[in-house]
Amino acid sequence: MNNARTVSGVGLTTIASDGTVLDAWYPRVFDGPIPEGETTDSLSDLTGGDDRRNVTIKAISLQIDLDEAPASTADAYLRLHALSHLIVRPNALNLDGIFGHLPNVAWTNAGPMHPDDAARLQPHLRRHGIQVQGLDKFPRLTDYVQPAGVRIADAARVRLGAHLSPGTTVMHEGFVNFNAGTLGASMVEGRISQGVVVGAGSDIGGGASIMGTLSGGGTVRVSIGERTLLGANSGLGIALGDDCILEAGVYITAGSKVVLVDGPRTADGGRPVVKAAELSGADGLLFWRNSVTGAIEAKQRAGVGVTLNEALHA
């Protein structure tokens, strides 16, 4: 991990005819300053115009301070590359104002285009077999970074800026946003939203969703510890520690009322009820919904949580 708080890269930018910088691809990213002798010369054969997309490709070298806010499109893309190259962990760099430096782009199988040009040149693009695959500020991870030791079943569901540790498997319905990801081998069959990190050995079940920090201007960051299981179609809005299990179909937010079934009896003979936020980050908890009362219940559990298939994640 980078302790100097400096990242640099040598790469290529794509510029639309109106001067909009559409993206920046850094095939060489460095944890620190650009090494002596590293130049853009080796990329000169890849520069120039592409009349099909009405863009110009230029070489770039850039060094940034991770503690400063992004200052340009090329700067923003270098931060996303640093996350996906595992140089820096999610939430450990300044991304303030990043959306303002990321234009909306028509992502094609031939590279990025300005959306206006993509609409205007559609007949021309069809003749060249060029298809628009998305309109978004963020590209697919695999168009820029090939993470080592990782399986991604559907590349369209993982954004550049995702932090995927070796051994991670992202299945077809899994999704990983930028500034989010895994800190060790994990199974991802659900949604990992922006700002969320998942510990080694954990399993995000099919259709499960982890609340991020983008919607509604939220600031609380959700994390998941090691060997923790989110059951299919469950949802999570608090942090979970190690060795926890959330039953399939149960959605917990910070304000959810949870019955502590192994807690001391109350004066009326019941069990204590707390807000889920009070349990945030605790280890070894099992959450489920009582099928008779409908209440969300929790208790302390013994032993480890889940054990991933070693052959699957090797």
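Residues numbered from 1 in each chain as written. Predicted model: local features only at pLDDT ≥ 70, side-chain atom pairs only at ≥ 80, totals over all residues. Heavy atoms only, no water.

### Re the UniProt feature "active site" (unreviewed entry) in the protein chain
Argument step 1. According to UniProt, the feature "active site" (unreviewed entry) maps to Glu-189 in the numbering used here.
Argument step 2. Examined against the element boundaries, Glu-189 turns out to sit in the loop between strand S13 (187-188) and strand S14 (191-192).
Argument step 3. Overall, Glu-189 belongs to the partly exposed group, its relative accessible area being 28%.
Argument step 4. Look past the residues within four positions of Glu-189 in its chain and what remains in contact with it is Met-171, Glu-173, Gly-174, Asp-203, Ile-204, Gly-205, Gly-206 and Gly-207. (UniProt positions renumbered as here; feature names shortened; annotations may be inferred. Helix = DSSP H or I, 4+ residues; strand = E, 2+ residues; numbered from the N terminus. Buried < 20%, exposed > 50% of the residue type's maximum accessible area, 1.4 Å probe, protein only. Contact = heavy atoms within 4.5 Å.)

### Some words on the layout of surface pockets
Argument step 1. Approximately 330 Å³ is the volume attributed to the largest pocket.
Argument step 2. What lines the largest pocket is a set of 18 residues, among which Asp-23, Ala-110, Gly-111, Pro-112 and Tyr-144 lie closest to the centre.
Argument step 3. Taken together, the elements giving at least two residues each to the lining of the largest pocket come down to strand S1 (6-16), strand S2 (21-30), strand S5 (105-108) and strand S6 (111-113).
Argument step 4. Considering the residues around the second largest pocket, the lining is formed by 13 residues, among which Trp-107, Phe-138, Pro-139, Arg-140 and Ala-156 are closest to the centre.
Argument step 5. A total of 4 residues in the lining of the second largest pocket trace back to one element, the largest contributor, which is strand S7 (residues 132-136).
Argument step 6. Looking at the lining of the second largest pocket, its residues break down into 7 nonpolar, 2 polar and 4 charged.
Argument step 7. Built from parts of two domains, the lining of the second largest pocket gets at least three residues from each of domain 1 (6-136) and domain 2 (141-312). (1 Å grid on protein atoms, 1.4 Å probe; cavity = no way out; pocket = protein on both sides within 12 Å on 5 of 7 lines; lining within 4 Å. Points joined across faces, edges and corners; volume = space filled by probe spheres on them. Nonpolar A, V, L, I, M, F, W, Y, C, P; charged D, E, K, R; others polar. Domains from an automatic or database assignment.)

### Let's talk about the environment of Leu-62
Argument step 1. Its location among the elements puts Leu-62 in strand S4 (residues 55-65).
Argument step 2. Along the sequence, Leu-62 and Thr-20 sit 42 residues apart, while their C-alpha atoms lie 18 Å from each other.
Argument step 3. In this structure Leu-62 touches Val-7, Ser-8, Gly-9, Tyr-26, Ile-34, Ala-74, Asp-75 and Leu-78, once residues within four positions along its chain are discounted.

### Observations concerning helix H1 (residues 73-84)
Argument step 1. The terminal C-alpha atoms of H1 lie 17 Å apart, and with 12 residues this matches the ideal 16 Å at 1.5 Å per residue to within 8%.
Argument step 2. For H1, a buried count of 12 out of 12 residues is recorded, marking the element as mostly surrounded by other parts of the structure.
Argument step 3. Buried-residue contacts for H1 involve S1, S2, S4, S5 and strand S9 (162-163).
Argument step 4. Backbone nitrogen of Asp-75 and a side-chain oxygen of the N-cap are separated by 3.1 Å at the start of H1; the cap is Ser-72. (Expected span 1.5 Å × (residues − 1). Polar contact = N/O pair within 3.5 Å; in protein donor to acceptor, adjacent residues only side chain to side chain.)

### Let's talk about the domain arrangement of the protein chain
Argument step 1. Looking at the protein chain, the domain boundaries give domain 1 (6-136) and domain 2 (141-312).
Argument step 2. One C-alpha centre belongs to domain 1, the other to domain 2; they are set 32 Å apart.
Argument step 3. Listed as interface residues are 19 residues of domain 1 and, on the opposing side, 20 residues of domain 2.
Argument step 4. Summing both sides of the interface, domain 1 and domain 2 together bury roughly 1,600 Å²; the carbon and sulfur share of this comes to 64%.
Argument step 5. The interface formed by domain 1 and domain 2 holds 1 salt bridge in total.
Argument step 6. We note a salt bridge from Arg-159 to Asp-136, for which the minimum N-O separation is 2.8 Å.
Argument step 7. One can count 8 residue pairs in polar contact (both at pLDDT 80 or more) joining domain 1 with domain 2.
Argument step 8. Mapped onto the side of domain 1 that touches domain 2, the elements with two or more residues apiece are S2 and H1. (Buried area = accessible area lost by both parts, 1.4 Å probe. Salt bridge = Lys/Arg side-chain N within 4 Å of Asp/Glu carboxyl O.)

### Structural notes on the nonpolar core
Nonpolar side chains tend toward joint burial in soluble globular proteins.
Argument step 1. Formed by 64 residues in total, the largest nonpolar core has its most connected members in Ile-210, Leu-230 and Phe-287.
Argument step 2. Listed by contribution, the elements that provide at least two residues to this core are S1, S2, S4, H1, S5, strand S23 (257-260), strand S25 (285-289) and strand S26 (296-300).
Argument step 3. The element that contributes the greatest number of residues to this core is H1, accounting for 7 residues.
Argument step 4. Two domains each donate at least three residues to this core, and these are domain 1 (6-136) and domain 2 (141-312). (Core = buried A, V, L, I, M, F, W, Y, C linked by side-chain atoms within 4.5 Å.)

### Here we look at the UniProt feature "binding site: Mg(2+)" (unreviewed entry) in the protein chain
Argument step 1. Feature annotation in UniProt places "binding site: Mg(2+)" (unreviewed entry) on Glu-173, given in this structure's numbering.
Argument step 2. Along the chain, Glu-173 turns up in the loop between strand S10 (169-170) and strand S11 (175-176).
Argument step 3. Non-local contacts of Glu-173, meaning those with residues more than four positions away in its chain, are made with Arg-157, Glu-189 and Gly-190.

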